[in-house]
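Per-entry structural report
Here is what each chain is made of, one letter per residue.
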Amino acid sequence: MEMLKKAKKFFICLITSLMLMASFGFADSLDTVPADSLFCVKINNFDATMAKIDQFSLGLIPMVVPSQAARAHLFMRTLGNPTMQGLNTGGDVIIFGMAREGSPEPAVIAMLPVKDYSQFVSASQNVSEPNENGVSSVKGPGMGNLVAVKAGNYALLGEVENTSLILAAAKGSKGLADSLDASQKKLSSEAPIWIYGDIDQINKSYGRMIEMSLGMMQQQMQAMSPAGGSPQEIAQITKLLKKFLAESDYVSIAIDPEPDVLNIKKTFSAEAGTEMANMFAKDSTLPKTNKLIGYMEDGAAMNFSAKLNKSLMLTLIDVKLDTMRTFLGDEVRNQLNGIAKELIASTGGTMAVSVKPNSDKPPFAVTKVVQVRDKDGFKQAYSKAIDLITGDVLANLSKAGLKAEGEYIKGASSYKGVDIDLIDISLEAVDAGSPQAQMIMQKCGDRIEIKTAMAGDYFVVAVGADTRTAVKGLIDSVKAGEKTLTSEVQTAVTMLDGADEADFVGTANIIRLMQITVSMAPMPMSLPFDQMQTSSNVAFAGDVGDGKAVIDVAVPKKHLSELFMGFMMMQMQPKNQPQPQVQP
């Protein structure tokens, strides 16, 4: 009797396993995607994902076409099969790209899940019966010459010139599923939409071509302006791009639409053992919780707060200074890099910065708070930085047709026992024909005021509009202790899980960023974004470690609605006509 019970359980388990294998396929759907693919886009459970997109889009875009109607039109146009007979619309739809020998353009191949391939062919008016090699021609109006090939529970579609690549993929070899790490395998099967780019493979296939294109651009710019600095800047960009391509592994984007928010997870992975992988190493000395996210402010165009991962920051500063090498010169660039190392070595756990629009010049106001561990070391490095910036750095602006002078007044004022220092920078365009000078003057005006103070263990900075009030507010906040999140920021960051423990977190308001951009435009502009009031924000948070950077982004539907409203007003209003104020 006991033996019969065990046998019964065994057969039940066996039948259940076979049923599950039948429903999901004997292998991962990515097994058909070749391992050396350049990119892959996977839409899991096509019907369910399209329904989620429809729900998110509802009320967002006027007269939006439901995905079911759009799909019927697409399949009618491409296959002549509007009812999608033979297709498994509850399966996974995949698009991948492969390098073609001797061609700068990749081969793009689509994988459509099928229930019955024979029924799919017979029900699709534009699809012919397979030939002796299993290849069907697909000739829809205006679609060019396509072919279709059966591959397990999929129909592979692509251009006729890619037939050999399609047949090779259909036969199967090593698939992309075997090349993914554990995190990407999980995302590729769980995220409604998964996008993957193999940077290492792209570099192998197109790295040389990209380098040659940038080299040609550099030569053209040199011919147009032999004495200019632009070709050198292109050379620096080429150097950085080569390093990026050589030391990167992959990038992925996972998208999950919910009714009121679009969730996006971005992952970048460096090649193991490279400098870039070391840059994205976890800093075990950092605090678990970021206590400065309360300094992110309502009304900001951009908020950013981070734990100060020293290796990552030093590398990013080095890269940034490299792009400015032509402007700064090697000596000043190297001095700044050395001072940056001293400043970062003296800082503590976290920092926060907010950028707000300003109706005057400069068109932005910035506040910053940095936790300091070694105050004496920080002050010494800061003093060196001030001397260099108000001296050689500002003097180099003469290359752009500007006369720039900086004055540093230590202890210019005080507030509640805290000394406040002043950096006063004046700008004057001495070369009216210099586009760089005009652009800088348009961005900054003729004067930039910066106030700084060391309040306890925190260094605070205020730049731009009303620095007097801003720096006093920062000192008050530091003296009062840990700040709580303001309402607008709290609404944004609560869309993300564990934002206070992330390596970095922030918000972005695209409308306010556009307001700043419009104010810095060389020619006066009147756009509806100037007048729009907005309170919603895109939120993001991320972590680095094990050679990877993972960033979660939450885009609220409300913010997209505000943007669409602004663009619609821009289309509807006559040019140069004042725009009414909009309350979302």
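Here, the structure is the one placed above.
Residues numbered from 1 in each chain as written. Predicted model: local features only at pLDDT ≥ 70, side-chain atom pairs only at ≥ 80, totals over all residues. Heavy atoms only, no water.

1. Focus on the environment of D260
Inspection of the secondary structure puts D260 in the loop between strand 8 (248-257) and strand 9 (261-270). Its relative accessible area of 57% is what places D260 among the exposed residues. Put simply, D260 and V555 are 295 residues apart on the chain and 8.6 Å apart in space, counted from C-alpha to C-alpha. Look past the residues within four positions of D260 in its chain and what remains in contact with it is F56, V555, P556 and K557. (Helix = DSSP H or I, 4+ residues; strand = E, 2+ residues; numbered from the N terminus. Buried < 20%, exposed > 50% of the residue type's maximum accessible area, 1.4 Å probe, protein only. Contact = heavy atoms within 4.5 Å.)

2. Remarks on helix 13 (residues 375-395)
A rise of 1.5 Å per residue sets the reference length of helix 13, with its 21 residues, at 30 Å; its end C-alpha atoms lie 29 Å apart and thus fit the reference within 8%. Along helix 13, the largest kink reaches about 40 degrees and is centred on I389. For helix 13, the complete set of buried residues consists of G377, F378, A381, Y382, A385, I386, L388, V393 and L394. (Expected span 1.5 Å × (residues − 1). Bend = angle between axes of the 7 residues up to and from the residue.)

3. Quick word on the pattern of salt bridges
Across all of its chains, the model carries 21 salt bridges by this definition. In this structure, K451 engages E449 in a salt bridge whose closest nitrogen and oxygen atoms are separated by 2.9 Å. Residue classification places K451 among the buried residues on the basis of a relative accessible area of 12%. Given a relative accessible area of 18%, E449 falls into the buried group. Through salt bridges that share partners, D424, R447, E449 and K451 make up one connected network. (Salt bridge = Lys/Arg side-chain N within 4 Å of Asp/Glu carboxyl O.)

4. Here's the deal with the packing of aromatic side chains
In this description, a pair of aromatic rings is defined by centroid distance and the angle of the planes. Summed over all chains, the structure comprises 10 aromatic pairs. Plain terms: the ring middles of F244 and F268 are 5.7 Å apart, the flat faces sit at 15 degrees to each other, and that makes the pair stacked. Of this pair, F244 sits in helix 8 (residues 230-247) while F268 is found in strand 9, placing the two residues 24 residues apart along the sequence. By relative accessible area, which is 32% here, F244 ends up partly exposed. Ring centres of Y382 and F459 lie 5.0 Å apart, and the angle between their planes is 65 degrees; on these two criteria the pair is classed as edge-to-face. (Phe/Tyr/Trp six-rings, centres within 6.5 Å; stacked < 30°, edge-to-face > 60°.)

Coordinates in, geometry out; function isn't part of it.
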